[in-house]
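One-letter residues, chain by chain:
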Amino acid sequence: MSKDPLYQDQQQYERMANDPQIMAKVALLQWAKLVTGLVALALIGAIWIVWRSG
């Protein structure tokens, strides 16, 4: 892999997409992002409820 940020190797991306370990990690990261987003929304909602009731 090149250090150039504009360099893209489509064959490497295809090999990575066919690797079950990498795809499992990607799926785990997507779930982690979803959970952290929901926690953030819950915290915002809790702050709003306390502010409105205060």
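Right, let's walk through the structure included here. (Residues numbered from 1 in each chain as written. Predicted model: local features only at pLDDT ≥ 70, side-chain atom pairs only at ≥ 80, totals over all residues. Heavy atoms only, no water.)

1. With respect to the overall build of the chain
For clarity, the cut-off: Counting from the N terminus, the helices are DSSP H or I runs at least four residues long and the strands are E runs at least two residues long. The quantity called the radius of gyration is restricted to C-alpha atoms. Its globule counterpart is 2.2 Å times the number of residues to the power 0.38. A simple rule labels every residue: compare its accessible area, found with a 1.4 Å probe on the protein chains alone, to the largest value its type can have, and call it buried under 20%, exposed over 50%, or partly exposed in between. Each accessible area is a Shrake-Rupley estimate made with a 1.4 Å probe; only the visible protein chains count as cover when residues are assessed. When charges are counted, Lys and Arg are positive and Asp and Glu negative, with His and the chain ends excluded. For charged residues, the charge sits on one atom: NZ in Lys, CZ in Arg, CG in Asp, CD in Glu.
When helices and strands are tallied, the chain shows two helices and zero strands. Relative to the 2.2 N^0.38 estimate, which gives 10 Å for 54 residues, the radius of gyration of the chain is 19 Å and therefore markedly larger than a compact globule would have. For the chain, the spread of C-alpha atoms along the principal axes amounts to about 55 × 25 × 10 Å. The buried share of the chain, taken over its 54 residues, is 2%. Here the chain displays about 5300 Å² of accessible surface, and carbon together with sulfur accounts for 67% of that area. Between the centroid of the 5 positive side chains of the chain and the centroid of its 4 negative side chains there is a distance of 16 Å.

2. Quick look at a nonpolar patch on the surface
Condition: What makes a patch is a set of residues exposed beyond 30% relative accessible area and free of salt bridges, joined within 9 Å when like-charged and within 5 Å when nonpolar (Val, Leu, Ile, Met, Phe, Trp, Tyr). Salt bridges are defined by distance alone: a side-chain nitrogen of Lys or Arg within 4 Å of a carboxyl oxygen of Asp or Glu.
Where nonpolar side chains cluster on the molecular surface, the patch consists of Trp31, Leu34, Leu38, Leu41 and Ile44 and spans about 570 Å² of accessible area. With respect to the helices and strands, Leu34 occurs in helix α2 (residues 20-53).

3. Some points on α2
Stated formally: A helix is expected to span 1.5 Å for every residue after the first. Pairing of N or O atoms within 3.5 Å defines a polar contact, subject to two protein rules: one partner must be a possible hydrogen donor and the other a possible acceptor, and residues neighboring in sequence count only if both atoms are side-chain atoms.
In this model, α2 (34 residues) spans 49 Å end to end at C-alpha, consistent with the 50 Å of a helix rising 1.5 Å per residue. N-cap assignment for α2: the residue whose side-chain oxygen lies 3.2 Å from the backbone N of Gln21 is Asp19.

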